[in-house]
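An overview of the molecular structure
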Amino acid sequence: MFHSIGSPMPPALADLTVPPALLDEQLGALREHGWRLRGLTEALDDPAPDVLALTFDDGYRDFADAAVDVLDRYDARATLYVPSDDLGGHASWMPPPADRLPVLGAADLRDLADLPERTVEIGSHGAQHVPMDVLPRATATEHLARSKRVLEDATGRAVRSMCYPHGYHAAGLRRRVAACGYDNACEIGHRLHARDGDRFAVSRVLVGPQHDPDALLDLVAHGPAPLLPAVKRAAYPAWRWVRRAARRTGRNLT
Ligand SMILES: [Zn+2]
């Protein structure tokens, strides 16, 4: 799970940006160690043990500017998750006083979806980047359906994969994702996904600027170190702020 590639982030979110040169080293190391790098839907459909899914959250413009060339270099594919209401705008969910990063527009998504080798799978990150498990049921369903439709109209391709904004989900939401016609959905999880695990709760591990090639190879082989949960809680004060704000305003989000 990557987010930004190279754009500066506020200190609370510094784990969420990887410089392009480091991404190059990371993907190079994974390839050298025999991993085939694929988008999430393709990886879930491929039972081979050497397949690793790459995901990039939030649809930042730096994905097109900096990540695609690196993917090409390593015969890698990836899934990019975009909140559809933010197409062509800025990351409205970034907590103040962050400089909000630009988000790719509809034409950019079409170009990415049309790349040779189907390098990029476009997935939904909801309509708005808000935790969906605290939205009223009808609102969550409407967001799931609308984001799928908007992204399919933009790309001309089926949108099969969904990524829960901020990672939060519950059983009812997972059922609604499936009922809207998605094939799979991913959370944050901070653990490796088991092959026989729930396709609508695919767990991921965060890759950040602290992962040199050795650390990354260890992460994908063994998962995060056991002490991570405490670190994780300490590292995401900004996301707690977002969740509280969503609970307060959730009924007015349509
Ligand atoms: Zn996100």
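Higher on the page you've got the structure.
Report on the accompanying structure. (Residues numbered from 1 in each chain as written. Predicted model: local features only at pLDDT ≥ 70, side-chain atom pairs only at ≥ 80, totals over all residues. Heavy atoms only, no water.)

1. Describing the pairing of strand 5 (residues 120–124)
Moving residue by residue along a regular strand, the side chains alternate between the two faces of the sheet. Heads up, the condition is: Note on exposure labels: buried denotes an accessible area under 20% of the residue type's maximum, exposed denotes more than 50%, and partly exposed covers the range between, all computed with a 1.4 Å probe on protein chains only. Numbering of helices and strands starts at the N terminus; helices are DSSP runs of H or I of at least 4 residues and strands are runs of E of at least 2. For two strands to be treated as a pair, DSSP must find no fewer than two bridges joining them.
A large share of strand 5 lies buried, amounting to 5 of its 5 residues. The alternating pattern of strand 5 places Val120, Ile122 and Ser124 on one face and Glu121 and Gly123 on the opposite face, and all of these are buried. Bridging between strand 4 (residues 78–82) and strand 5 involves 5 bridges; their strand directions are parallel. Bridge assignment links Thr79 to a residue of strand 5, and that residue is Glu121.

2. Concerning the coordination of the zinc ion
Rules: Because water is not among the atoms used, a metal site may look incomplete, as its donors are only the N, O and S atoms within 2.8 Å, or 3.2 Å for Na, K and Ca.
Binding of the zinc ion to the protein goes through Asp58 (OD), His125 (NE2) and His129 (NE2), at separations of 2.0 to 2.1 Å. The motif formed by the donor residues of the zinc ion, counted along the single chain, is D-x66-H-x3-H. Taken as a pair, Asp58 in the loop between strand 3 (55–57) and helix 3 (61–73) and His129 in the loop between strand 5 and helix 5 (137–155) lie far apart in primary sequence, 71 residues in all. Accessibility assignment for this pair places Asp58 and His129 in one class, buried.

3. A word on the packing of helix 4 (residues 106–113) against helix 5
Basically, it comes down to this: As a rule, the C-alpha atoms of each element are fitted with a line to give its axis, helices using only the stretch in contact, and angles between N-to-C directions run from 0 to 180 degrees. Here the word oblique covers every angle except those under 35 degrees (roughly parallel), over 145 (roughly antiparallel) and from 65 to 115 (roughly perpendicular). Crossing chirality is assigned from the near helix's rotation relative to the far helix, an anticlockwise turn below a right angle marking it left-handed and a clockwise turn marking it right-handed. In this description, contact between two residues means that some pair of their heavy atoms is separated by no more than 4.5 Å. As a working rule, the residues Ala, Val, Leu, Ile, Met, Phe, Trp, Tyr, Cys and Pro are called nonpolar, Asp, Glu, Lys and Arg charged, and the rest polar, with Gly in that last group.
Between helix 4 and helix 5, the shortest axis-to-axis distance is 7 Å and the interhelical angle comes to 65 degrees. Put simply, helix 4 runs roughly perpendicular to helix 5. Seen from above, helix 4 lies across helix 5 with right-handed handedness. Of the residues in helix 5, those touching helix 4 at Ala106, Leu109, Arg110 and Ala113 are Leu151, Asp153, Ala154 and Thr155. Its residues assigned to classes, the contact of helix 4 with helix 5 comprises 5 nonpolar, 1 polar and 2 charged.

By themselves, these observations are geometric and do not establish any function.
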